[in-house]
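# Understanding the architecture of this molecule
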Amino acid sequence: MTQLSNDCFASGPPVLSVDEAVMLIATRVGAVAGVETVPLRRADGRVLAADLVAPLPLPLFTNSAVDGYAVASADLPATEDRALPLGGRVAAGAMALPPLAPGHVVRIFTGAPLPVGADTVFMQEDTRIDAEGRVVLPPGLHPGANVRIAGEDVAAGNVVLKAGVRLRPQDVALAAALGQSDLAVRRRIRVAVASTGDEVVSPGAPRGPAQVFDANRFMLMALLERLGCEVVDLGIMPDDRRRVADGLKAAAAGHDLIVTSGGVSAGEEDHVRAGIESVGRLVLWRMAIKPGRPVAMGVIDGTALIGLPGNPVASFVTYAHVVRPTVLSLAGAIQTRTVAMPVRAAFTHRKKPGRREYVRAQLRRAADGVVEAIMFHRDGAGMLSSLVETDGLVELGDDVLEVVPGDTVGFLTYADLD
Ligand code: AMP
Ligand code: MG
């Protein structure tokens, strides 16, 4: 559907670093063309298709930030209390009053427009009413206090949301505040998800003694749905080259991306490789990443295909570094590099140079108040409990050789990978 060229994933060094893989995807995968208009209520998580230029300023008009009394700064008491008579009342939503008469105050409420001539507001808690009904103002308030000036938040004509942003609730709020009832967004990316393997059965189905329930498909579909994709479940493909090939070829017609797991290693039972090669173009990426094994990248009739490793943890980690950026590129989203937050390591770990490693870790606050990462004790690539019982991944750079307690390491929460 997206009409990628057959060799778009082909070049690059024999072993790709994570950064090289992400860069290759960003430069080779273009955005789908479709744009649709959605009501604001449906805009969360969607990718904005065009810059939003503020048609109005925010605040829309100069108004009071508090309940109290509006005055002209020329009338502010200098050193002693000053009593001024009341010259009107304006509530939120009311029309602005006639200009404030000099030497008077106006009763005003939060969000109400400031009368012409008033530029400062006393909080009601800081004032009192004297025997003659005048408002007694204390000295010390600076001119302009408690006033929200039109345009101080957003100037009309400025780009407030950039094309490619994945809309968050606060972005939706800004669009709403500017009066936008709907937004132009990129169409959703259509992704087909399949598992492979004769040993894999769906949860709920009868299971033979040497079979396992399919975990990856449900993990991948959930991840992709969180990323805003329209997900189609292709079920489980057997370890049979012909049937894999036919299934993928059929899926290519209606989707922007096909994601599979399992069957991409070099064993003779790894039929996804051969299956793709017979109906499209396959490239095996050896990625310098742990956990993770070769990741298959391919194109079938212009549609991208990614074959992830079968071990669930390897599948999860390679999803984050290969599938996620591919979906974001297809969706026309700005690729923001997730920044690992510095935390203190509370573990010892040795690693090989020349590859990026992700260590599943829990966070805790140490006695001195610093946040520490504890490496999870079960680290096999098939151990799902290690993903469930941890808070995120410690990212160890390609050149790191060892971590000792007290080192500062980068930490990505699972929420960062949504
Ligand atoms: P493979 O990459 O096909 O060699 O599979 C590697 C390991 O992951 C094997 O132990 C598989 O049984 C397991 N595996 C493959 N696919 C899945 C899946 N969808 N859910 C859970 N485990 C899987
Ligand atoms: Mg397999």
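What you see is a predicted model; the values in this text were computed from it and never measured.

### Quick word on the side chain of serine 261
When you line up the elements, serine 261 lands in strand S19 (residues 257-261). Its relative accessible area of 2% is what places serine 261 among the buried residues. In this structure serine 261 touches Ala194, Ser195, Thr196, Asn216, Leu220, Leu308, Pro309 and Ser315, once residues within four positions along its chain are discounted.

### Quick notes on the nonpolar core
Phe9, Leu224, Leu257, Trp285 and Val323 are the most contacted members of the largest nonpolar core, which totals 52 residues. Elements with a minimum of two residues in this core: helix H1 (18-28), strand S15 (190-196), helix H3 (216-226), S19, strand S20 (281-287), strand S22 (295-300), strand S23 (303-308) and helix H6 (312-330). Considering each element in turn, this core owes the most residues, 10 residues, to H6. The two domains that each donate at least three residues to this core are domain 1 (18-34 + 188-330) and domain 3 (341-416). Not counting the four nearest positions on each side in its chain, leucine 257 is found in contact with Arg190, Val191, Ala192, Thr303, Ala304, Leu305, Ile306, Val323, Thr326, Val327 and Leu330. Residues Ala194, Met237, Ala245 and Val279 belong to the second largest nonpolar core, which totals 17 residues.

### As for the site of ligand 1
The environment of ligand 1 is made up of 14 residues, and the closest members are Glu199, Asp214, Ala215, Gly263 and Arg293. With respect to ligand 1, the side chain of serine 195 contributes an N or O atom lying 3.5 Å from a nitrogen atom. Separating an oxygen atom of ligand 1 from a backbone N or O atom of glycine 310 is a distance of 3.0 Å. Here ligand 1, which alone exposes 480 Å², has 77% of that area covered by the protein.

### Regarding the side chain of serine 265
With respect to the secondary-structure elements, serine 265 resides in the loop between S19 and helix H5 (271-279). When sequence neighbours within four positions are dropped, the list of residues in contact with serine 265 reads Asp270, Arg273 and Arg293.

### What about unusual backbone geometry?
In this model, leucine 58 is joined to proline 59 through a cis peptide bond whose omega is -10°. Within the secondary structure, proline 59 is located in the loop between strand S3 (52-53) and strand S4 (63-64). Here the bond from lysine 290 into proline 291 is cis, since omega is -5°, no more than 30 degrees from zero. Turning to its location among the elements, proline 291 is positioned in the loop between strand S21 (289-290) and S22. Backbone geometry at asparagine 146 places phi at a positive 60°, although glycine is not the residue there. When its relative accessible area of 24% is taken as the criterion, asparagine 146 is described as partly exposed.

### Observations regarding the domain arrangement of the chain
Per the domain assignment, the segments of the chain are domain 1 (18-34 + 188-330), domain 2 (63-148) and domain 3 (341-416). Look at where the C-alpha atoms of domain 1 and domain 3 centre, and you get two points 27 Å apart. Roughly 1300 Å² of surface becomes buried between domain 1 and domain 3 when both sides are summed, with 66% attributable to carbon and sulfur atoms. Three residues stand out in domain 1 for area buried against domain 3, namely Lys290, Val313 and Phe316, and they jointly supply 41% of the buried area on that side. Between the two partners, domain 1 and domain 3, sit 1 salt bridge. Arginine 356 is the partner of aspartate 19 in a salt bridge, and the nearest nitrogen-oxygen pair spans 2.9 Å. Run the count over domain 1 and domain 3 and you get 6 residue pairs in polar contact (both at pLDDT 80 or more). Looking at the side of domain 1 that touches domain 3, the elements that each hand over two or more residues are H1, S21 and H6. Top element by residues in the side of domain 1 that touches domain 3 is H6. It accounts for 7 residues. Its residues assigned to classes, the side of domain 1 that touches domain 3 shows 10 nonpolar, 2 polar and 3 charged.

So, how was this worked out
- Residues numbered from 1 in each chain as written.
- Chains lettered and ligands numbered in written order.
- Predicted model: local features only at pLDDT ≥ 70, side-chain atom pairs only at ≥ 80, totals over all residues.
- Heavy atoms only, no water.
- Helix = DSSP H or I, 4+ residues; strand = E, 2+ residues; numbered from the N terminus.
- Buried < 20%, exposed > 50% of the residue type's maximum accessible area, 1.4 Å probe, protein only.
- Contact = heavy atoms within 4.5 Å.
- Core = buried A, V, L, I, M, F, W, Y, C linked by side-chain atoms within 4.5 Å.
- Domains from an automatic or database assignment.
- Near = heavy atom within 4 Å.
- Polar contact = N/O pair within 3.5 Å; in protein donor to acceptor, adjacent residues only side chain to side chain.
- Areas by Shrake-Rupley, 256 points an atom, 1.4 Å probe, with all protein chains shown as cover.
- Buried area = accessible area lost by both parts, 1.4 Å probe.
- Salt bridge = Lys/Arg side-chain N within 4 Å of Asp/Glu carboxyl O.
- Nonpolar A, V, L, I, M, F, W, Y, C, P; charged D, E, K, R; others polar.

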